[in-house]
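# Summary of structural features
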Amino acid sequence: MRLTALAASLFALTLSAAAPTYAQQHEHTMAATQEQHASIVVTAPWSRELPPTAPVGAAFMSIENHSDQPDRLLSANSSIADITELHAHIHEGDVMRMVKVETIDVPAHGQVTLQPGGYHIMLIDLKNPLVAGEQLPLTLQFEHAGQIDITVDIRSSDAGTSVEQPAMDHAHH
Ligand SMILES: [Cu+2]
């Protein structure tokens, strides 16, 4: 907070000393930042149905970055879970283990796929069961694109089989 205040006062000093063109440039930068809100597109978010007693679930999706600037997913939030974490799967010998990650990078003009066996959003201490055909709300927080609210489709476990195949193939490499 102290740094922010210092930066703000420095900025104010610069503004008062500098010609109006500086302010115009700053406005231009702000406008560019606004446009980036549409730069992140989340497609096909889904989760898998679980028995009512299951304490944790996971959400998967594709995240596309249509901007010139790399972005990253910083956090996620859902009213359906007490805790929401960003997770990856790592290999330890023959064992696959989930680990919490701080961020999930989305390269400029690239995409990242959250899928079984890879990155996912972990929903911990579920308040409601995940029922096939229903949806759950999820709020994503990106470093540059800011907050994006999405709705996640809950699929039946049968329907998930074909989607899992690429992730399982990947596990053999
Ligand atoms: Cu996980």
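This structure is a prediction, so every number in the text was calculated from the model and none was measured. (Residues numbered from 1 in each chain as written. Predicted model: local features only at pLDDT ≥ 70, side-chain atom pairs only at ≥ 80, totals over all residues. Heavy atoms only, no water.)

With that settled, the discussion passes to the nonpolar core. Considering soluble globular proteins, one finds that nonpolar side chains tend to be buried as a cluster. Core analysis: the biggest nonpolar cluster contains 30 residues, and Met 61, Ile 63, Ile 121, Leu 138, Leu 140 and Phe 142 have the highest contact counts within it. For Met 61, the contacting residues outside a window of four places in its chain are Val 42, Thr 43, Ala 44, Pro 45, Val 112, Thr 113, Leu 114, Ile 121, Leu 138, Leu 140 and Ile 150. (Core = buried A, V, L, I, M, F, W, Y, C linked by side-chain atoms within 4.5 Å. Buried < 20%, exposed > 50% of the residue type's maximum accessible area, 1.4 Å probe, protein only. Contact = heavy atoms within 4.5 Å.)

What follows deals with the side chain of Thr 84. With respect to the helices and strands, the residue Thr 84 is situated in strand E4 (residues 81–92). Residue Thr 84 is classed as buried on the basis of its relative accessible area, which comes to 17%. (Helix = DSSP H or I, 4+ residues; strand = E, 2+ residues; numbered from the N terminus.)

Here we take up the pattern of salt bridges. Considering all chains together, one arrives at three salt bridges under this definition. When the shortest N-O distance is used, the salt bridge between Glu 143 and Arg 72 registers 3.2 Å. Of this pair, Glu 143 sits in the loop between strand E9 (135–142) and strand E10 (146–155) while Arg 72 is found in strand E3 (residues 71–77), placing the two residues 71 residues apart along the sequence. By relative accessible area, which is 37% here, Glu 143 ends up partly exposed. What makes Arg 72 partly exposed here is its relative accessible area of 32%. Taking the shortest distance from any N to any O, the salt bridge between Asp 82 and Lys 127 comes out at 3.6 Å. Here Asp 82 is found in strand E4, whereas its partner Lys 127 is found in the loop between strand E8 (120–126) and E9, with 45 residues between them in sequence. (Salt bridge = Lys/Arg side-chain N within 4 Å of Asp/Glu carboxyl O.)

Bear in mind that shape data such as this cannot, by itself, settle questions of function.
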